Amino acid sequence: MLKVEGLHTEYVDERGHSVKAAHNVSFEVPEGKLFTLLGPSGCGKTTTLRSIAGLEKPVSGEVSVNGRVVYSSAKGIFVAPNKRNFGMVFQSYAIWPHMNVFQNAAFPLKVGSRKLGKGEVHEKVMRVLKAVGLDHLADREATKLSGGQQQRLALARALVMEPQLWLLDEPLSNLDAKLRERMRFELKRLQRDLNLTTVFVTHDQNEALALSHEIAVMNEGRIVQIGSPRDIYERPHNRFVADFVGSANFLDATVTAREEQRDYFVAQTALGPLKCYSVDPLQAGDKVVISLRPEDVHLSAAHPNMPNVWEAVVDSKIFLGDHVEFQVKIGDVVLLSRVHPSFFPADGTSVYLGMQPAKCLAIAAN
Ligand SMILES: Nc1ncnc2c1ncn2[C@@H]1O[C@H](COP(=O)(O)OP(=O)(O)O)[C@@H](O)[C@H]1O
Ligand SMILES: [Mg+2]
């Protein structure tokens with residue numbers, strides 16, 4: 001298990017000011033789980049990962065793996081990166097061009113402090129090459145591999161030391177979209193089969209939702225929410241998370257009443273009163289923002305049998321193959337809706353718009 005507690009890391013910028021890149025970052029990754037740091041560019045993901053690896057020296061905090069402390073400001077401990085036994089893969093996975101596949105994967109064993117016999121090196125290297133499906137290409141020059149194969153070689157090289165922790169910094173972002181999706185499955189399989197405790201960094205929400213046991217969403221150096229992919233998507237704690245993970249409609253609102261059913265409320269919005277759901281203990285008068293996913297904005301020609309129904313006008317739409325994205329207007333309010341392509345009314349048509357209260361998530365505004 002990886003434990004990161006109260007990690008602070010700062011940089012000094014060109015003008016000599018200190019920039020806080022990671023603020024009070026704390027999380028735990030149980031043995032064999034994949035934990036993702038997700039957030040926009042510059043939010044502190046790489047800094048956090050490099051601090052865990054020992055490539056940055058934090059100002060304060062503590063990092064331990066399976067009870068072994070590798071960094072602690074309070075205890076004055078800083079274990080050198082090459083003594084931590086962590087495997088790391090960067091976005092720019094440097095493959096050595098003058099070496100073949102076998103030699104690339106064997107490299108960490110050659111530079112490691114422990115001297116291994118030839119037979120042992122061969123066995124370890126072939127085991128990881130087999131795990132990533134490159135064992136049949138062991139003798140090939142590394143430069144003659146495809147992009148996806150080079151990526152798998154980088155993953156294998158970070159595994160050959162049998163690391164206690166696998167640290168991956170946007171390892172798939174140099175691949176084209178199709179290959180990236182395929183590599184996602186391969187990476188997940190590898191992580192699961194080898195039971196690797198992994199910290200994965202990405203700015204890609206789909207990648208995070210697809211791969212993770214747990215996700216930490218970061219903004220401006222801080223973790224703003226930790227949860228399962230489903231939690232993060234369906235129960236965002238604040239507007240930043242709702243906005244960053246998936247697309248969302250937002251309606252500013254004021255709570256006017258509590259419904260009889262627990263956790264349900266009525267809020268006054270620009271559309272009028274709306275039945276909504278919240279896990280926050282809301283009271284009449286509280287300012288909230290209603291977050292609503294486009295796939296939860298239902299459109300139909302006939303009046304649907306649900307609460308929260310309005311008449312709307314189709315403003316524009318985009319056909320995207322498996323679904324259509326609509327912009328509809330209710331007065332001045334524009335909402336985004338995602339529906340099945342079988343529903344395709346002309347622009348300017350009047351339609352009914354319905355929203356299940358359970359999907360109208362009220363988040364306390366702060
Ligand atoms: N070596 C550095 N020197 C000064 N500032 C840095 C350095 N590395 C990163 N930063 C700053 O720290 C912040 C976090 O950066 P980073 O951890 O790379 O973010 P991310 O990986 O989420 O894109 C940014 O504001 C970035 O400009
Ligand atoms: Mg980064």
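For clarity, every value in this text was computed on a predicted model and none was experimentally measured.

Here we come to the domain arrangement of the chain. Each domain of the chain was delimited in the assignment, giving domain 1 (2-243) and domain 2 (247-364). Placing a centre on the C-alpha atoms of domain 1 and another on those of domain 2 gives a separation of 39 Å. Opposite the 10 residues of domain 1 that make contact, domain 2 presents 12 residues. Between domain 1 and domain 2, a total of about 940 Å² is buried, with carbon and sulfur atoms accounting for 51% of that surface. Taken together, domain 1 and domain 2 are joined by one salt bridge. Where R239 meets D252, a salt bridge forms, and the shortest distance between an N and an O atom there is 4.0 Å. Counting every contact that joins domain 1 to domain 2 gives three residue pairs in polar contact (both at pLDDT 80 or more). Residues that form the side of domain 1 that touches domain 2 fall into these classes: four nonpolar, two polar and four charged.

Even without a glycine there, the phi angle at N66 is positive, about 50°. When you line up the elements, N66 lands in the loop between β4 (60-65) and β5 (68-72). The phi dihedral of N308 falls on the positive side, at around 55°, and the residue is not glycine.

What follows concerns the packing of helix α2 (residues 101-111) against helix α3 (residues 118-131). The geometry of α2 relative to α3 is characterised by a closest axis approach of 9 Å and an angle of 120° between their N-to-C directions. Compared by their axis directions, α2 and α3 come out oblique. Judged by the twist between their axes, the crossing of α2 over α3 is right-handed. Of the residues in α3, those in contact with V101, F102, A105, A106, L109 and K110 of α2 are V121, H122, K124, V125, M126 and L129. Across the contact of α2 with α3, the residue classes tally to nine nonpolar, one polar and two charged.

Looking now at the site of ligand 1. For ligand 1, the full set of nearby residues is Y11, A21, P40, S41, G42, C43, G44, K45, T46 and T47. Here K45 contributes a side-chain N or O atom positioned 2.8 Å from an oxygen atom of ligand 1. A total of 560 Å² of accessible area belongs to ligand 1 in isolation, and the protein chains cover 61% of it. Along the lines of polarity and charge, the residues of the shell around ligand 1 split into four nonpolar, five polar and one charged.

A few words on the sheet that holds strand β6 (residues 77-78). The five strands lie next to each other as β2-β1-β4-β5-β6, forming an open sheet whose pairing is antiparallel. At either margin of the open sheet sits one strand with a lone partner, and together these are β2 (18-29) and β6. Of the pairings in the sheet, the one linking strand β1 (residues 2-12) to β4 comprises five bridges and is antiparallel in character. Counted as the bridge partner of L2 is V65 from β4. Those strands touched by helix α1 (residues 45-53) are β1, β2 and β4, and its axis lies near 115° from that of β1.

What counts as what
- Residues numbered from 1 in each chain as written.
- Chains lettered and ligands numbered in written order.
- Predicted model: local features only at pLDDT ≥ 70, side-chain atom pairs only at ≥ 80, totals over all residues.
- Heavy atoms only, no water.
- Domains from an automatic or database assignment.
- Contact = heavy atoms within 4.5 Å.
- Buried area = accessible area lost by both parts, 1.4 Å probe.
- Salt bridge = Lys/Arg side-chain N within 4 Å of Asp/Glu carboxyl O.
- Polar contact = N/O pair within 3.5 Å; in protein donor to acceptor, adjacent residues only side chain to side chain.
- Nonpolar A, V, L, I, M, F, W, Y, C, P; charged D, E, K, R; others polar.
- Helix = DSSP H or I, 4+ residues; strand = E, 2+ residues; numbered from the N terminus.
- Axes fitted to C-alpha atoms, helices over the stretch in contact; angles between N-to-C directions.
- Parallel < 35°, antiparallel > 145°, perpendicular 65-115°, else oblique.
- Left-handed = near helix turned anticlockwise from the far one by under 90°.
- Near = heavy atom within 4 Å.
- Areas by Shrake-Rupley, 256 points an atom, 1.4 Å probe, with all protein chains shown as cover.
- Pairing = 2+ DSSP bridges.

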